[in-house]
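These are the residues of each chain, in order.
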Amino acid sequence: QVQLVESGGGLVQAGGSLRLSCAASGRTFSSYAMGWFRQAPGKEREFVAVINRSGGSTDYADSVKGRFTISRDNAKNTVYLQMNSLKPEDTAVYYCAARYTYFRPQREKEYDYWGQGTQVTVSS
């Protein structure tokens, strides 16, 4: 069982930055691929970024590529999402998720564990 707790959300002006954190419980954090997803009001949850279990490989949605960076610290059982050049369309609840796998899944249904989400609001 893995428990995930996100933090770092908030209100920011367009062009600003935020760093989200996701703290995981358990002793096998380094065996899990970690993903970030987001859900805007009235929309389905969508993939944002994923990092493999070692931290050596990442993938991003086209909409955030070049602006967001996912990273992890396995010693601290934490995954991060650095968000720069934020846009109003980035406004959403952001969720982290974990999957016990060598690969970098991008589909929501591939993930086994989810956090409760953290709200990010970008004002224009």
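Residues numbered from 1 in each chain as written. Predicted model: local features only at pLDDT ≥ 70, side-chain atom pairs only at ≥ 80, totals over all residues. Heavy atoms only, no water.

Trainee: In this structure, what is going on with the state of the cysteines? I would like to understand it.
Mentor: Two cysteines joined by a covalent bond between their sulfur atoms form a disulfide. Scanning all chains against the criterion turns up one disulfide. Note on cysteine connectivity: C22 is disulfide-linked to C96, with sulfurs 1.9 Å apart. With the S-S dihedral at roughly 50 degrees, the linkage between C22 and C96 falls on the right-handed side. Placement of the pair is C22 in strand β3 (residues 18-24) and C96 in strand β9 (residues 92-100), with a sequence separation of 74 residues. (Disulfide = S-S within 2.5 Å. Helix = DSSP H or I, 4+ residues; strand = E, 2+ residues; numbered from the N terminus.)

Trainee: Quick question: what am I supposed to make of the nonpolar core here?
Mentor: Most often, soluble globular proteins keep nonpolar side chains buried together rather than apart. Ranked by internal contacts, the top residues of the largest apolar core, which has 36 residues, are L4, M34, W36, L81, M83 and Y94. When contributions to this core are tallied by element, the ones reaching two or more residues are β3, β4 (32-39), β5 (46-51), β7 (68-73), β8 (78-83), β9 and β11 (118-123). Excluding residues that lie within four positions of it along the chain, L81 makes contacts with L18, R19, L20, W36, V48, A49, F68, T69, I70 and Y94. (Core = buried A, V, L, I, M, F, W, Y, C linked by side-chain atoms within 4.5 Å. Buried < 20%, exposed > 50% of the residue type's maximum accessible area, 1.4 Å probe, protein only. Contact = heavy atoms within 4.5 Å.)

Trainee: It is not clear to me how the environment of A92 should be interpreted in this structure. Could you clarify?
Mentor: By secondary structure assignment, the location of A92 is in strand β9. With relative accessibility at 1%, the residue A92 sits in the buried group. The sequence separation of A92 and Q119 amounts to 27 residues, and the corresponding C-alpha distance is 6.1 Å. Among residues more than four places away in sequence, those in contact with A92 are R38, Q39, A40, T118, Q119 and V120.

Trainee: Where do I start with the environment of Q119 in this structure?
Mentor: Among the secondary structure elements, Q119 is positioned in strand β11. Overall, Q119 belongs to the partly exposed group, its relative accessible area being 39%. Sequence spacing of Q119 and T91 is 28 residues, and the spatial spacing of their C-alpha atoms is 7.8 Å. A polar atom in the side chain of Q119 sits 3.5 Å from the backbone oxygen of A92. (Polar contact = N/O pair within 3.5 Å; in protein donor to acceptor, adjacent residues only side chain to side chain.)

Trainee: Help me understand the sheet that holds β8 in this model?
Mentor: Adjacent strands of a sheet form backbone hydrogen bonds with each other and so pair up, either parallel or antiparallel. With respect to topology, four strands assemble into an open sheet ordered β1-β3-β8-β7, the strand pairing being antiparallel. Two strands bound the open sheet, and with one partner strand each, they are β1 (4-7) and β7. Strand after strand, the sheet turns through a mean of 15 degrees between neighbouring axes, direction not considered. Bridge count for β1 against β3 is four bridges, and the pairing is antiparallel. When the bridges of β3 are listed, V5 appears paired with A23. (Pairing = 2+ DSSP bridges. Axes fitted to C-alpha atoms, helices over the stretch in contact; angles between N-to-C directions.)

Trainee: Explain the packing of aromatic side chains to me, please; I cannot follow it from the model alone.
Mentor: One pair of aromatic rings is described through two measures. These are the centre distance and the angle between the planes. Enumeration according to the criterion identifies seven aromatic pairs in this entry. Ring plane angle 65 degrees and centroid distance 6.2 Å describe the contact between Y32 and Y113, whose orientation is recorded as edge-to-face. A residue pair is termed long-range when its members are at least 10 positions apart, and Y32 in strand β4 and Y113 in strand β10 (residues 113-114) qualify at 81 residues. The same class applies to Y32 as to Y113, namely buried. Grouped by ring-pair contacts, the aromatic residues F37, F47, Y111 and W114 constitute a single cluster. The lysine or arginine in question, R45, covers the ring of Y95, its NZ or CZ lying 4.6 Å from the ring centre. Across from the ring centre of F29, 4.4 Å away, lies the NZ or CZ of R72, which sits over that ring. (Phe/Tyr/Trp six-rings, centres within 6.5 Å; stacked < 30°, edge-to-face > 60°. Lys NZ or Arg CZ within 6 Å of the ring centre and 35° of its normal.)

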